[in-house]
Amino acid sequence: VSLDPKLETLERVWVVAEVGKAIEDQQQVQFRCARGLDDVPMEKLKNSIPLVPEVKHCKYTDKKDYDMIVGKISDQDSFNSFVWAMVEVSFGVARRLAGVKGSALCTLRRLQHLTVDCTWASDVISLSELGWGGNLETLTGLRKLNLDFSGCRQLKDVSTLVEGLPKLQ
């Protein structure tokens with residue numbers, strides 16, 4: 001999914017629904033910000049504020065389409081926590097993984113491929129700041145993990161990630 005620096009793409013109801021459906025169907029979803037992240041999304045990531053609005057608050061062009069899409073989501077709370085966790089972990093923030101429950105948790109556990117782009121986090125010193133401590137074990141089905149911390153110039157402590165890797169087997 002190609003994203004703009006402010007991540008406004010993720011405010012559209014059809015985009016959020018497609019991301020959720022693709023991940024549920026075990027299709028690999030990757031987010032790309034060719035021009036980097038704007039300051040507002042970076043602050044949201046740092047402060048545990050969702051990057052994506054609740055699905056009921058997403059923007060739409062046609063109200064009938066919105067009603068149809070939202071009507072297909074039986075448990076909006078579970079859907080929201082799932083999409084928030086997946087979008088954020090794609091940007092290197094794992095805090096929400098532990099909060100995913102029910103069928104969304106089963107979907108997370110089936111996830112086999114994950115690409116993490118944390119190049120935005122230039123001032124992070126430890127991965128524990130991004131919630132990696134103890135949350136990696138949620139991704140029990142993971143077989144391929146691509147990590148990009150190339151922009152993290154201050155990063156010195158990856159111990160929480162290293163400690164979590166054996167739990168994936």
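Scroll up to find the structure this text is about.
Re the layout of surface pockets
1) Next: Each pocket or cavity is described by its volume, and for the largest pocket that value is around 500 Å³.
2) Next: In terms of lining, the largest pocket is formed by 20 residues, of which the most central are Lys-21, Glu-24, Lys-72, Ile-73 and Phe-79.
3) Next: When residues of the lining of the largest pocket are traced back to their parent elements, those giving at least two are α1 (13-24), α3 (63-71), α4 (76-90) and α5 (102-110).
4) Next: Considering every element that reaches the lining of the largest pocket, the biggest residue donor is α1, with six residues.

A word on the environment of Ser-159
1) Next: In this structure, Ser-159 sits in helix α6 (residues 159-164).
2) Next: Exposure remark for Ser-159: the relative accessible area of 29% places this residue in the partly exposed category.
3) Next: Through-space distance from the C-alpha of Ser-159 to that of Gly-133 is 8.5 Å; in sequence the pair is 26 residues apart.
4) Next: Of note is the side chain of Ser-159, whose polar atom sits 2.6 Å from the side chain of Asp-157.

Scoring rules and cut-offs
Residues numbered from 1 in each chain as written. Predicted model: local features only at pLDDT ≥ 70, side-chain atom pairs only at ≥ 80, totals over all residues. Heavy atoms only, no water. 1 Å grid on protein atoms, 1.4 Å probe; cavity = no way out; pocket = protein on both sides within 12 Å on 5 of 7 lines; lining within 4 Å. Points joined across faces, edges and corners; volume = space filled by probe spheres on them. Helix = DSSP H or I, 4+ residues; strand = E, 2+ residues; numbered from the N terminus. Buried < 20%, exposed > 50% of the residue type's maximum accessible area, 1.4 Å probe, protein only. Polar contact = N/O pair within 3.5 Å; in protein donor to acceptor, adjacent residues only side chain to side chain.

Any functional reading would require information that these geometric values do not contain.
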